Structure formats: C-alpha cells, structure tokens
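# Working through the structure, step by step
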Amino acid sequence: MIITVASFKGGVGKTTTAIHLAAFLQGQAETLLVDADPNRSALGWASRGELPFKVMDQWEAGQNVNPNGNVVIDTPARPIPEDLSALAETCDLLVLPTTPDVLALDALVLTVEYLKKISTNHYRILITSIPPKPSKAGEEVKALLQEARLPVFEQGIRRFAAFQKAALQGLPVYSVKDPRAETGWQDYEKVGQEIVEIMELRALAVEAEDMSASTDFF
Ligand SMILES: Nc1ncnc2c1ncn2[C@@H]1O[C@H](COP(=O)(O)OP(=O)(O)OP(=O)(O)O)[C@@H](O)[C@H]1O
Ligand SMILES: [Mg+2]
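What you are looking at is a predicted structure, and each value in this text was computed from that prediction instead of being measured.

This part covers the overall build of the protein. Across its full length, the protein carries eight helices and six strands. Listed N to C, the secondary structure of the protein is β-α-β-α-β-α-β-α-β-α-β-α-α-α in terms of helices and strands. The C-alpha atoms of the protein give 18 Å as radius of gyration, which agrees with the globular expectation for 218 residues (17 Å, within 12%). With the principal axes as the frame, the protein shows a C-alpha extent of 60 × 40 × 30 Å. In the protein, which comprises 218 residues, the share counted as buried stands at 39%. Within the protein, contacts between residues separated by at least 24 positions form 75% of all contacts whose residues are at least 6 apart in sequence.

Right, dumping it as structure tokens:
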C-alpha cells in the first residue's frame, strides 16, 4: 500500500508520522520511506542512527519499489490546497497530521472545501502533539473535526519529548531511552492498526462490488 503524509502547515509532525508509520508497516511487509521533502528531514533522521526500513529520495526510490511492499511518502510543508486532491489520487491513503492549536486549525478550515472534493475514504486527519491533561485540546479538536464530518483517526499522537529524542538520535521512538518511549510508540501502532482496518474494509467493499457486478451479468 502507498501512504502519503502531507499537511496544510509546516512543523505539524509529518516526518515524525512518516517515520513511525513506516516502522509499523515494516512489521507487515517490506516498507520503503520516500523522502519527497527537499529539506530531506527523513533522510537526515536515517543518517543519524538506524531505522528498520529503507529511506530514499524520490529519484532513487523510482527504481527500488517492491510492488508487494509498502511505500510511505513524506512531503514538504504547505502543499497548495489544490495539490491535496492530486496527492490523494496517487496513494491509497493520504494522512494529514494537524496539531490542536488555533493556527493549525485555521489552515485546516481553509482547506476543508478542497478536502470535500476528495472521497472521505481516501484521507484521514491525524491529531498530533496533543498536550497532556488537564488540557482538553486533543479531544476538543477531534470533536470539532467530527462535527464538520471530516474523517479523523480515532487515535491521536500525544506530545512526548521522546519523539524529539528519537529524531535527534535517528531512531524510532521505541528505541529511545525515555519513560514515555513505549507509550508514544503505542499511539502510532494504534494509528497503523486503523490504517490496516481501513484497507481491509476497502478490499471487502471492492470484492462485494465485483460479486454484485458478476451476478448482474447472469
Ligand atoms: N508527538 C510529538 N511529541 C513531541 N514532539 C513532536 C511530536 N511530533 C513531532 N514533534 C516535534 O515537532 C517538530 C516538528 O515535527 P516534524 O519535523 O515531524 O514536522 P513536519 O511537519 O515534518 O515539519 P516540516 O513541515 O518542517 O517538514 C520536531 O521537533 C519534532 O521532533
Ligand atoms: Mg518534515
């Protein structure tokens, strides 16, 4: 499967998300992370330490894609909103991280009209860097997005210093020495499981459609 990570705003956790979704998917099938951001943040992450999957730029990746494997694509900050539907068409699922702050939400609101042109089945918003309790920012933003009928992952990613350590050390968060490393990884694992479920449901829907098409024939 091909997962693209994009956002309306910079610094919302795209690269962190791409790294950890690739780590999760690598547990299922060979996974390649394509760093399509000219800042090369994912390649930098990989060069500082060790990751359990390959990271390549888009040029190198072109010749190295395993058709039976997974691909995760990390994109630059701020694609123009029109680009989002084009991006959604070239992948199985577009993951849109957003932080639960006002500026990030303003950017999201501006993009809602464009998002409505994409089938809701084709993208999911991921709330990242959720501040700890007593803040309710994560839950409030999720409720707001759901009210606007936008597809949001059930699981969000909490704000933990372990993620910054992981970036600095070039490791997935579960390999970092930090009391919240495992909890941070579990957040991404749950999101990975949601992605697997979305794909399974979609495959079932396609199968059901094929069946009804073949019975229509007779
Ligand atoms: N869940 C999290 N908890 C704490 N810090 C986080 C979390 N996710 C990301 N960060 C930190 O926030 C900053 C931005 O994250 P990241 O680089 O993943 O965002 P980005 O959207 O890829 O940014 P850019 O638009 O520059 O490509 C980094 O310092 C990263 O370590
Ligand atoms: Mg990035």
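Moving on, we come to the nonpolar core. Of all hydrophobic cores here, the largest spans 50 residues; its most connected members are Ala22, Leu33 and Val72. Of all the elements, helix H1 (residues 14–26) adds the most residues to this core, at seven residues. Excluding residues that lie within four positions of it along the chain, Ala22 makes contacts with Thr31, Leu33, Phe53 and Val72.

A separate point is unusual backbone geometry. Note that the residue after Lys133, namely Pro134, is joined by a cis bond; omega there is 15°. Turning to its location among the elements, Pro134 is positioned in the loop between strand E6 (123–127) and helix H6 (137–147). Positive phi values are uncommon outside glycine, yet Arg40 reaches one of about 55°. Residue Arg40 is classed as partly exposed on the basis of its 16 C-beta neighbours within 10 Å.

Quick look at the packing of H1 against helix H2 (residues 41–48) now. Remark: H1 packs on H2, axes separated minimally by 10 Å, with the N-to-C direction vectors making an angle of 55°. Viewed along their axes, H1 and H2 adopt a mutual orientation that is oblique. Our pair here, H1 against H2, has a crossing hand that is right-handed. Where H1 approaches H2, its residues Thr15, Ala18 and Ile19 are matched on the opposing element by Ser41, Ala42 and Trp45. Looking at the contact of H1 with H2 residue by residue, the classes come out as four nonpolar, two polar and no charged.

Rules used in this analysis
Residues numbered from 1 in each chain as written. Chains lettered and ligands numbered in written order. Predicted model: local features only at pLDDT ≥ 70, side-chain atom pairs only at ≥ 80, totals over all residues. Helix = DSSP H or I, 4+ residues; strand = E, 2+ residues; numbered from the N terminus. Rg over C-alpha atoms; globule rule 2.2 N^0.38 Å. Buried ≥ 20, exposed ≤ 12 C-beta atoms within 10 Å, placed from the backbone. Contact = placed C-beta atoms within 7 Å. Core = buried A, V, L, I, M, F, W, Y, C linked by C-beta atoms within 7 Å. Axes fitted to C-alpha atoms, helices over the stretch in contact; angles between N-to-C directions. Parallel < 35°, antiparallel > 145°, perpendicular 65-115°, else oblique. Left-handed = near helix turned anticlockwise from the far one by under 90°. Nonpolar A, V, L, I, M, F, W, Y, C, P; charged D, E, K, R; others polar.

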